[in-house]
Amino acid sequence: MLKYEKLTLKRQNLLLYVHIAFCKSKCPYCAFGSVTDKNELKKDYFKALIKDFKNEVSIHNIKAKSIQSVFFGGGTPSACDAGLYEDLFYEISPYLDDDCEITSEANPNSASLDWLKQMRNFGVNRISFGAQSFDEKKLKFLGRIHGKKEIYDAVQNARISGFDNINLDIIYASKFDTKKLLITELENLEILKPDHVSAYSLTLEPNTKFYNKNHYVKDSPILAKFFIDQICKLGLKQYEISNFGRICKHNLGYWQRKQYLGIGAFSIGCINNVRYYAKEDIKLYLKQTTKKRREFLSKEDLHTEMLFLGARSCVGIPQNELNLKEYKNAEILRQNGKLRLENGRYILNNFLIADEIVLFITN
């Protein structure tokens, strides 16, 4: 068993990610770690989450009220009965800041009114629905097992349950997407009025059914820019390449390179410039819950992350962290209207070209 030295955090201002590795069905585009046929393992999995969390607290000397945000991702958190979460919340609650943002992902077909009410009672104060589309043909293509009606019902039930911070995930750039279809997506968003929208361009990830099926994607910068501009016109300000509206504290924390704990199979954490990887197999995770692979990040690694993360978000790229060559290249971009300088940070005017901007700065 891998032994850890006792670490003391440089600062107690943490994020906590909890990976719920269960789904009712596997979407053909999804590369995130999850299973659909291991329901009998759910109780043992939640016990392992508690063991994992206690171990992380001990290793990193976590203090009370030092976690500023929690994110239950997956997988599909709503694929697990709400009652399974009770003991886990009991364990983590002493470590949560008084203003802690607690998000849970959920699918419209499995987030029942009862499930939402229980999760709200546990302290979840932000809900994120994997809507993906309001078009029935596109939903079927994406392998979703809900329809437009279930999205509307889920949002209504979330509000009945007391949620006033609701996100909807939407996928664009599929072969079905036209300007007309995207306008329909926007019209539904305008009706539902979510507090936040995450708009993700469809990507063909390895180890998915969609991999290498290039005709499934419509790579149109014009349509992408149109969709993003129209989301902003709904009153949802873009603060990161895929996110709009009321800023998600947890999401922004990653872009700010804050330290984060990760628990659960497939989870990743990063503390004091060391990245921790849990087992990427549920049964193996249950046997070796606290055995994690470590990756020590070099100064070069951290500098590269600073550039790419800053470029993709409102966090920006700190001017004083650039070397002379990078500074000169950034100034060229600023003079050509690609960047603007705000409070000592370079902010992109178009997050969609973030990778190209960073490559120019560094070359």
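Just so you know, these numbers come straight off a predicted model, no measurement behind them.

Describing empty space enclosed by the protein
Applying the stated criterion to the full structure yields 2 cavities of 30 Å³ or more. Its volume calculated, the largest cavity comes out at about 50 Å³. If you go around the largest cavity, the residues you meet are Tyr 172, Ala 173, Asp 177, Leu 182, Lys 218, Ser 220, Leu 223 and Ala 224. Looking at the lining of the largest cavity residue by residue, the classes come out as 5 nonpolar, 1 polar and 2 charged. Lining of the second largest cavity is provided by Glu 56, Gly 262, Ser 267, Ile 268, Gly 269, Tyr 276, Ala 278 and Lys 292.

With respect to helix α10 (residues 299-311)
Along its 13 residues, α10 runs 18 Å from first to last C-alpha, staying within 8% of the 18 Å computed at 1.5 Å per residue. Every buried residue of α10 is listed here: Met 306, Leu 307, Gly 310 and Ala 311. Down the axis, α10 shows its buried residues gathered within 105° of arc, on one side only. For α10, the elements touching its buried residues are β13 (317-318), α11 (324-335), β15 (345-348) and α12 (354-362).

Observations concerning the sheet that holds β13
The 3 strands lie next to each other as β13-β15-β14, forming an open sheet whose pairing is antiparallel. Strands at the two margins of the open sheet, each flanked by one partner only, are β13 and β14 (339-342). Where β14 meets β15, 4 bridges bridge the pair, whose relative direction is antiparallel. What sits directly across from Glu 342, in β15, is Arg 345. Packed onto the sheet, α11 meets β14 and β15 and runs at close to 110° relative to β14.

Notes on the layout of surface pockets
Considered as a void within the structure, the second largest pocket measures approximately 390 Å³ in volume. In this structure, the second largest pocket is lined by 21 residues; those nearest its centre are Lys 237, Gln 238, Arg 340, Leu 348 and Phe 351. For the lining of the second largest pocket, the elements supplying multiple residues, two or more each, are α7 (221-233), β7 (238-240), β14 and β15. Per-element accounting of the lining of the second largest pocket gives the leading share, 4 residues, to α7. Classifying every residue of the lining of the second largest pocket by side-chain character gives 10 nonpolar, 5 polar and 6 charged.

Comments concerning the confidence of the model for the protein
The share of residues in the protein with pLDDT of 70 or more is 97%, and the mean pLDDT across the chain is 95. Scored below 50 in pLDDT, residues 1-11 shows 36 contacts in the model against residues more than four places distant or in partner chains.

Concerning the packing of helix α3 (residues 113-122) against helix α5 (residues 148-160)
Running from N to C, α3 and α5 cross one another at 40°; their axes reach a closest spacing of 9 Å. With respect to α5, the element α3 is oriented oblique. Classified by chirality, the crossing of α5 by α3 is right-handed. Packed against α3, whose contacting residues are Leu 113, Leu 116 and Lys 117, the element α5 presents Ala 154, Asn 157, Ala 158 and Ile 160 at the interface. Among the residues forming the contact of α3 with α5, the class breakdown is 5 nonpolar, 1 polar and 1 charged.

Scoring rules and cut-offs
Residues numbered from 1 in each chain as written. Predicted model: local features only at pLDDT ≥ 70, side-chain atom pairs only at ≥ 80, totals over all residues. Heavy atoms only, no water. 1 Å grid on protein atoms, 1.4 Å probe; cavity = no way out; pocket = protein on both sides within 12 Å on 5 of 7 lines; lining within 4 Å. Points joined across faces, edges and corners; volume = space filled by probe spheres on them. Nonpolar A, V, L, I, M, F, W, Y, C, P; charged D, E, K, R; others polar. Helix = DSSP H or I, 4+ residues; strand = E, 2+ residues; numbered from the N terminus. Expected span 1.5 Å × (residues − 1). Buried < 20%, exposed > 50% of the residue type's maximum accessible area, 1.4 Å probe, protein only. Arc of directions from axis to C-beta. Contact = heavy atoms within 4.5 Å. Pairing = 2+ DSSP bridges. Axes fitted to C-alpha atoms, helices over the stretch in contact; angles between N-to-C directions. pLDDT = per-residue confidence, 0-100. Parallel < 35°, antiparallel > 145°, perpendicular 65-115°, else oblique. Left-handed = near helix turned anticlockwise from the far one by under 90°.

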